[in-house]
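Tertiary structure, described
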Amino acid sequence: ANEQDQSMSVRRRFKHFVALEDRLRANCPGAILSPRPEKHASRALEEASARQSAQFAMQRAQELERYLNSLINHPIVGSSDVLRLFLTLQDHIGVAWPEVSSSAITRLSTLGNTTANKISDGAANAMQDLGVAQQQAAGEDNAEILALVASEGVRIAAVSQAVPKMEGTIALLREQADRSGMVGLELSKLTKEVQQSHAELATPLEFLSSALLRSARRSKRLSVELNAAMLPFSTQYKLCRYERLAFADRRQALIKRTAARQKADARATKLHLHQSSLQTRHNIPALERMEMEASMSDGLAREAVQEADKVGAVLLEEIRRVGGTRTEEWRGSVKVLASSMKEACAERVGIWESVREQFMVEFPEMGGGVADAGIASTPLPQEVGGQKSVSGMPATIVDHSQNSVSYSTTGEVVHG
């Protein structure tokens, strides 16, 4: 909406959002962007088809809307000209961005120098593990950034391993709930069939099927609650890639700074070596050209230093911002995870305890029999012929004088 509270609409496709991310990364180096919605493997056929279902289109629109809102609220990206153009240009975005032009000839003509190709090296480096050695090799001299590289590298590695395991555990819980529900339904059908011929057998089956169905419903509800509470962790898991990219931007800036400084030093050295001879030969034009080249190289080196410092400052600020958000969100999510699991476990224990009580009420003789059997199943050892034996079990006694073995079921010794 503009100042007159009038709204405007623009049409964008998914590939335009991909180009938006590439251009934002090139325009805002060091910034940690919000994770862009990815193409889902399970919905690949529907995404590629010309006719998409209304449910799929609505879900994709909601994902992209959340993504745009996160970019708009970003402290650095939100005020960029790239995002403003993306949101306000009513024509096809390919008019301004040739890499997504509707004309195939235009796209091919810009294939060699697109923004995506310019940052491909940084993206490839970002997929590597974040380490202090890599940062130092690029020329990192900021102690605070080096400390962050060490700590963030450990954290990113832990998150990259833990979050998929947590998501897999929730998936297994949901699968277990589905299987328990299926078993409960089958037992319920079996109960109805057994009811006609064996009524006494149908009662325990009914107890068991009811407990399985209730436990399955509770487990399924727990998986939904855990899945919702896992959203901040999943977001941070996706954000690890963009944090690596931000550190890669810093490394690229450091490499450019080093290269520019070396080039400027080489030009200055060359000027110092030839300055006297050129002055002696009165070759003023060549001397002026070398001086101009050295001055330009020195200016470019200073700009590279300023750009590297700017990227470093942005990176530090972004790490603090993301860290603060992560701490706040994770603290609340951990509480939700713990309370949901505690409540679900208590309810499931209550379900099976109630089934046990139903069994005890319906079949009291089974409960007493089990208790008696438990007492009788622990006989005390007795002394038989100088050796310990358990009542009711045969005692084996070795007679060394006659080299014979005697057996008795009553505790008496039988010779020979």
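For the structure, check the block above.
Going along each chain's sequence as written, the residues are numbered from 1 onward. At least 70 in pLDDT is required for a residue's local features to be given in this predicted model, at least 80 for side-chain atom pairs to be given and counted, and no such filter applies to totals for whole chains, interfaces and linings, which use all residues. With hydrogens and water excluded, all non-hydrogen atoms of the structure serve as input to the side-chain values.

Re helix α11 (residues 231-280)
Numbering goes from the N terminus for both helices and strands, where a helix is a DSSP run of H or I of at least four residues and a strand is a run of E of at least two. An expected span of 1.5 Å times one less than the residue number is assigned to each helix. End to end, α11 covers 74 Å across 50 residues, agreeing with the expected 74 Å (1.5 Å per residue, within 8%). Most pronounced at His274, the bend in α11 amounts to some 45°. Positive phi shows up at His282, right after α11, with a value of about 60°. Bend angle per residue: angle between axes fitted to the 7 residues ending at that residue and the 7 residues starting there.

What about the side chain of Ser340?
The topology assignment puts Ser340 in helix α12 (residues 284-362). Between N or O atoms, a polar contact is any pair within 3.5 Å; within protein, one atom must be a potential hydrogen donor and the other a potential acceptor, and residues adjacent in sequence are included only when both atoms are from side chains. Within the structure, Ser340 has its side chain in polar contact with the backbone oxygen of Val336 (distance 2.8 Å). By the convention used here, residues are in contact when the closest approach between their heavy atoms is within 4.5 Å. With sequence-adjacent residues up to four places away left out, Ser340 is seen in contact with Arg218, Leu222, Glu225 and Leu226.

Side note on unusual backbone geometry
A positive phi is found at His282, a non-glycine position, where the angle reads about 60°. By the element assignment, His282 lies in the loop between α11 and α12.

Some words on the packing of aromatic side chains
Working definition: rings of Phe, Tyr and Trp (its six-membered ring) pair if their centres are within 6.5 Å, and the pair is stacked with planes under 30 degrees apart, edge-to-face with planes over 60 apart, and tilted otherwise. All told, the structure shown has six aromatic pairs when counted by the stated rule. Taking 6.4 Å as the distance between ring centres and 55° as the angle between the ring planes, the aromatic pair formed by Phe17 and Tyr67 counts as tilted. Note that Phe17 is positioned in helix α1 (residues 14-27) and Tyr67 in helix α3 (residues 54-72), a separation of 50 residues in sequence. Accessibility expressed as a relative area gives 5% for Phe17, which makes it buried. Ring centres of Phe86 and Trp97 lie 6.0 Å apart, and the angle between their planes is 20°; this geometry places the pair in the stacked category. Per-residue accessibility, obtained with a 1.4 Å probe over protein chains only, is compared with the maximum for each type, and a residue is labelled buried under 20%, exposed over 50%, and partly exposed between these values.

Some remarks on the layout of surface pockets
In this analysis the probe radius is 1.4 Å and the grid spacing 1 Å, with only protein atoms considered; a cavity is a set of points the probe fits into but cannot get out of, a pocket is an open set with protein on both sides within 12 Å along at least five of seven lines, and lining residues have an atom within 4 Å of a point. Grid points are joined across faces, edges and corners, and a volume is the space filled by probe spheres set on the points. Here the largest pocket is characterised by a volume of approximately 1,200 Å³. Around the largest pocket sit 32 residues that line it, and Pro35, Arg66, Leu231, Thr235 and Lys238 are the ones nearest its centre. Breaking the lining of the largest pocket down by element, the ones donating at least two residues are α3, α9 (143-197), α11 and α12. The element contributing the most residues to the lining of the largest pocket is α11, with seven residues. Lys, Arg, Asp and Glu make up the charged group, whereas Ala, Val, Leu, Ile, Met, Phe, Trp, Tyr, Cys and Pro make up the nonpolar group; the residues left over, Gly among them, are polar. Partitioning the lining of the largest pocket into residue classes produces twelve nonpolar, ten polar and ten charged.

Structural notes on the nonpolar core
Grouped together as the largest cluster of nonpolar side chains are 48 residues, with contacts concentrated most on Leu20, Leu24, Val77, Trp97 and Phe247. For this core, the secondary structure elements donating two or more residues are α1, α3, α4 (81-88), α9, α10 (199-229), α11 and α12. Excluding residues within four positions of it along the chain, Leu20 makes contact with Leu68, Leu71, Val82, Leu83, Phe86 and Trp97. In this text, buried Ala, Val, Leu, Ile, Met, Phe, Trp, Tyr and Cys residues form a nonpolar core when linked through side-chain atoms within 4.5 Å. The next biggest cluster of nonpolar side chains, apart from the first, holds six residues, and it includes Leu278, Ala286, Leu287 and Met290.

Considerations on the pattern of salt bridges
Each salt bridge in this description consists of a side-chain nitrogen of Lys or Arg and a carboxyl oxygen of Asp or Glu lying within 4 Å of one another. For the structure shown, the criterion picks out 22 salt bridges. Arg25 is the salt-bridge partner of Asp249, the closest N and O atoms lying 3.1 Å from each other. Linking Asp249 in helix α11 with Arg25 in helix α1, this pair joins segments that are 224 residues apart in sequence. Judged by its relative accessible area of 8%, Arg25 is buried. Members of the salt-bridge network, linked through shared partners, are Arg218, Arg221, Glu225 and Glu347.

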